[in-house]
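Survey of secondary and tertiary structure
Single-letter residue listing:
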Amino acid sequence: MDNTTEKKLKNPLAAVGLSFIFPGLGQIYNQQVRKGQMFFVIAIILIVTMFAAVGFVLYPIFWIYNMYDAYKDAIKMNIGDIQPG
């Protein structure tokens, strides 16, 4: 048995699916916990601002960006462009 570390690939569609459920979950799946926590907090703030009408415009834009970011980062991790963390 050799001592090489096996890189676990991320599933970009799983990252998108988790981000679809709630912003930040896809980033946490990608092991970008701080980024995921930040996205989670931003999503909560935008949901609260929906009562002031601003969130109705900003939240969908942020939600779509969040899914794109999770997908993009999962692919970049798989090819080694970025490291988890």
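Model, not experiment: these values are computed from the prediction.

It is worth spelling out the overall build of the protein chain at this point. A tally of regular secondary structure across the protein chain gives four helices and zero strands. Counted from the first residue to the last, the protein chain has its helices and strands arranged as α-α-α-α. Each principal axis of the C-alpha distribution contributes one length, and for the protein chain these read about 60 × 20 × 20 Å. Expressed as a percentage of the 85 residues in the protein chain, the buried residues total 29%. Counting only contacts in the protein chain whose residues sit at least 6 apart along the sequence, the fraction spanning at least 24 positions is 55%. Accessible surface, the protein chain as shown: approximately 5,800 Å² in total, 70% of it carbon and sulfur. Each charge sign in the protein chain was given a centre, from 7 positive and 5 negative side chains, and these centres are 7 Å apart.

Backbone geometry at Q31 places phi at a positive 65°, although glycine is not the residue there. Following the sequence through the fold, Q31 ends up in the loop between α2 (25-29) and α3 (33-49). Judged by relative accessible area, which is 40%, Q31 ranks as partly exposed.

On to the pattern of salt bridges, then. Summed over the entire model, instances satisfying the criterion amount to four salt bridges. One salt bridge in this structure joins K72 and D73, with 3.3 Å as the shortest N-O distance. Judged by relative accessible area, K72 falls into the partly exposed class, the value being 23%. Among the charged side chains, a network of salt bridges with common partners joins K35, D69, K72 and D73.

Parameters and conventions
- Residues numbered from 1 in each chain as written.
- Predicted model: local features only at pLDDT ≥ 70, side-chain atom pairs only at ≥ 80, totals over all residues.
- Heavy atoms only, no water.
- Helix = DSSP H or I, 4+ residues; strand = E, 2+ residues; numbered from the N terminus.
- Buried < 20%, exposed > 50% of the residue type's maximum accessible area, 1.4 Å probe, protein only.
- Contact = heavy atoms within 4.5 Å.
- Areas by Shrake-Rupley, 256 points an atom, 1.4 Å probe, with all protein chains shown as cover.
- Lys, Arg positive; Asp, Glu negative; His and termini not counted.
- Charge placed at Lys NZ, Arg CZ, Asp CG, Glu CD.
- Salt bridge = Lys/Arg side-chain N within 4 Å of Asp/Glu carboxyl O.

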